[in-house]
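Architecture and fold: a report
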Amino acid sequence: MALPRKQLLPVLVLVLASYYYSARDEFRPEMLRGKRVIVTGASKGIGEEVAYHLARMGAHMVLTARSEGTLRKVASRCLELGAASAHSVPGSMEDTAFAENFVDTAARLLGGLDMLILNHIMAMSLELFGADVLGMRRALEVNFLSYVVLSVAAQPLLRPSNGSVVVVSSLAGKVPTPLLAPYAASKFALDGFFSSIRLENQMTGVNVSITLCILGLIDTDTAMEAVAGIMSAEAAPKQECALEIIKAGALRREEMFYGRPGWVQLLLLNPGRRVLELFSLQRYNLDNLPRPEARP
Ligand code: NAP
Ligand code: 4JX
C-alpha cells in the first residue's frame, strides 16, 4: 500500500537516521598513534582538551594560538601525557601570512601531516548587531578566511597521506542565532565552503576527508563568561566534546553533532539538503573545466 504523502517526510527522516546510526565503524584510540596533527586555538577551551586527548593517544602534534607562554605549557603537558612529540608555534590568525607559513613550519616539524584540526575563533560577545562592519570583517577573517588559507596550504601535505580536515563549527552555523550575527555568518560560511569542497573532492577522487563539527553550548571559560546573565542553556562538557571531535575526524565522518539536548542531532539531518546535493551532482561535466590555480 502506498504511503500517504503526509507520512513520507517522517519516514524519510527515520530511514536516514537509521542509516546514520547503523553500520558505523568503531573508534580506537590507536588510530591516532603516531599520526601527525595540527590543532589551532590550542591554548585553552576545546582546543586545549583536544590536544590532551591526542597526547594520550600518542600523536605527534603542533599547537598554535596567540598566547606564547600558555601554549608552551599546554605543549609540555602533552609530552607528560604521552604525546609522541608536541611543538607550539604562536601567532595570530588575523595575519594571513602567518597562517600560510604556519602550515609549512608545522609540516617541517612533523615531517608531513595527517590531520588538520581547525578550531580557533576570535573572542565574541553576545550583542545586537548595530553597524559594526569592521567587527564583521574581523570575524569573517579570523573565523572563516584563515580556515580557508590553512586548508589550502595543507592540501599538498594531506593528499599524499589521505589525510583529514576537521572543522570545528557550531549550531550557530546551522541555525540562525540572535546576538551572534558575525559569529553565525562566519560559521555558516564554513559550512558553505567546506561542504562544497567535500563534493568537489568526491567528484575529482581526492581522498582528503572533511569533518564539520556542529557543537551546541560547551562549558569553556570563554563561553560561560559570554552567556552569563544573557542566555540560559545547558552546556555540555568540553573534555567529552574534544574526544567526540577527534573520533569524528578519525572515522572520516562528514558531520558530527555534540551538545545538549542530544536529539538536536535528529533535527539537523536535513534530508532535503542531502537529496538536492545528490541530484545536483548528476548534472556536472568536469571535462571542460579549466584546471584550478596552483598555490604560488
Ligand atoms: P576559547 O576557549 O575561547 O578558545 C579559543 C582559542 O582560539 C584559544 O586558544 C585562543 O587563544 C585562540 N585564538 C583567539 N583568537 C585568535 C587569533 N586571532 N589567532 C589565533 N588564535 C586565536 O574557545 P572555545 O569555546 O574552546 O571554542 C573552540 C571552538 O569551538 C570554536 O571554533 C567555537 O566556535 C566552537 N564552539 C564553541 C562553543 C562553546 O560553547 N564553547 C559552542 C559551539 C562551537 P589565544 O587567545 O591565545 O590566541
Ligand atoms: C549562547 C549559545 C547557545 C553556540 C552553539 C556557540 C559560541 C559563541 C557565543 C560560544 C563561544 C563564544 C562565546 C547555544 N549555542 C551557542 N551559543 N550553540 O557556538 N556559541 C559564546 C559561546 C562564541 O566565544 C545553544
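So, a few notes on the structure that sits alongside this text. Source: prediction; values computed, not measured.

1. With respect to the overall build of the protein
Broken down by element type, the protein carries 10 helices and 7 strands. Taking 19 Å as the expected radius of gyration for a compact globule of 296 residues, we find that the protein reaches 20 Å, a close match to that expectation. C-alpha atoms of the protein, sized along the principal axes, occupy 65 × 55 × 40 Å. Here the protein holds 296 residues, and 45% of them are scored as buried. For the protein, restricting intrachain contacts to residue pairs at least 6 apart in sequence, the fraction spanning at least 24 positions comes to 72%. In the protein, the 30 positive side-chain charges and the 28 negative ones have mean positions that sit 4 Å from each other.

2. Focus on the layout of surface pockets
Quantified by volume, the second largest pocket comes out at close to 970 Å³. In this structure, the second largest pocket is lined by 28 residues; those nearest its centre are R159, I197, E200, N201 and P292. Taken together, the elements giving at least two residues each to the lining of the second largest pocket come down to α5 (133-158), α6 (181-204) and α10 (271-281). Per-element tally for the lining of the second largest pocket: the top contributor is α6, with 9 residues. Here the lining of the second largest pocket is built from residues that sort into 17 nonpolar, 6 polar and 5 charged.

3. As for the site of ligand 1
Close to ligand 1 lie 29 residues; S43, R66, S67, Y183 and T222 are nearest. Within the backbone of I46, one N or O atom sits 2.8 Å away from an oxygen atom of ligand 1. Protein contact buries 94% of the 880 Å² of open area that ligand 1 shows by itself. At the level of elements, α2 (45-56), β5 (164-170), α6 and α7 (221-227) are the ones that each hand at least two residues to the shell around ligand 1. No other element matches β5, which puts 3 residues into the shell around ligand 1. Residues of the shell around ligand 1, tallied by class, amount to 13 nonpolar, 13 polar and 3 charged.

4. Section: the environment of V142
As for its position among the elements, V142 is in helix α5. Sequence spacing of V142 and R56 is 86 residues, and the spatial spacing of their C-alpha atoms is 29 Å. Apart from the residues lying within four places of it in its own chain, the contact partners of V142 are M93, E94, H120, I121, M122 and Y147.

5. Description of the sheet that holds strand β1 (residues 36-40)
Here 7 strands make up an open sheet; going across it, the order is β3-β2-β1-β4-β5-β6-β7 and the pairing parallel. In this open sheet, the two edge strands, each paired with only one partner strand, are β3 (85-88) and β7 (255-258). Looking at each pair of strands side by side, their axes are set apart by 15° on average, direction ignored. This element, α5, spans β1, β4 (115-118) and β5 of the sheet and lies at about 175° to β4.

6. Quick word on the packing of α5 against α6
Look at α5 against α6: their axes get within 8 Å of each other, and the N-to-C directions meet at 25°. When the axis of α5 is compared with that of α6, the two are roughly parallel. For the pair α5 and α6, the crossing hand works out as right-handed. Between α5 and α6, the residues in contact are M136, A139, L140, N143, F144, Y147, V148 and S151 and A181, P182, Y183, A185, S186, K187, A189, L190, F193 and F194, respectively. Tallied by class, the residues present in the contact of α5 with α6 amount to 14 nonpolar, 3 polar and 1 charged.

7. Points about the state of the cysteines
By definition, a disulfide links the sulfur atoms of two cysteine residues through a covalent bond. Here the structure, examined in full by the defined rule, presents 0 disulfides. A disulfide-free cysteine, C78 has its sulfur positioned 17 Å from the sulfur of C241, the nearest such atom. The buried category is assigned to C78, whose relative accessible area is 0%. Among the cysteines around C241, which has no disulfide bond, C213 carries the closest sulfur, lying 7.9 Å off.

8. Here's the deal with the site of ligand 2
In the vicinity of ligand 2 lie 15 residues, with S170, Y183, L215, L217 and M231 positioned nearest. S170 places a polar side-chain atom, nitrogen or oxygen, 2.6 Å from an oxygen atom of ligand 2. Relative to its unbound accessible area of 500 Å², ligand 2 is 87% covered by the protein chains. Per element, the largest residue contribution to the shell around ligand 2 is 4 residues, and it comes from α7. For the shell around ligand 2, the class distribution of residues is 12 nonpolar, 3 polar and no charged.

9. Overview of the pairing of β7
Look at any regular strand and the pattern is simple: side chains alternate between the two faces of the sheet. Across the two faces of β7 the burial is the same, with E255 and F257 and M256 and Y258 all buried. Bridge analysis of strand β6 (residues 209-215) against β7 gives 4 bridges, and the strand direction is parallel. Bridge assignment links C213 to a residue of β7, and that residue is M256.

Reading guide: rules and limits
- Residues numbered from 1 in each chain as written.
- Chains lettered and ligands numbered in written order.
- Predicted model: local features only at pLDDT ≥ 70, side-chain atom pairs only at ≥ 80, totals over all residues.
- Heavy atoms only, no water.
- Helix = DSSP H or I, 4+ residues; strand = E, 2+ residues; numbered from the N terminus.
- Rg over C-alpha atoms; globule rule 2.2 N^0.38 Å.
- Buried < 20%, exposed > 50% of the residue type's maximum accessible area, 1.4 Å probe, protein only.
- Contact = heavy atoms within 4.5 Å.
- Lys, Arg positive; Asp, Glu negative; His and termini not counted.
- Charge placed at Lys NZ, Arg CZ, Asp CG, Glu CD.
- 1 Å grid on protein atoms, 1.4 Å probe; cavity = no way out; pocket = protein on both sides within 12 Å on 5 of 7 lines; lining within 4 Å.
- Points joined across faces, edges and corners; volume = space filled by probe spheres on them.
- Nonpolar A, V, L, I, M, F, W, Y, C, P; charged D, E, K, R; others polar.
- Near = heavy atom within 4 Å.
- Polar contact = N/O pair within 3.5 Å; in protein donor to acceptor, adjacent residues only side chain to side chain.
- Areas by Shrake-Rupley, 256 points an atom, 1.4 Å probe, with all protein chains shown as cover.
- Pairing = 2+ DSSP bridges.
- Axes fitted to C-alpha atoms, helices over the stretch in contact; angles between N-to-C directions.
- Parallel < 35°, antiparallel > 145°, perpendicular 65-115°, else oblique.
- Left-handed = near helix turned anticlockwise from the far one by under 90°.
- Disulfide = S-S within 2.5 Å.

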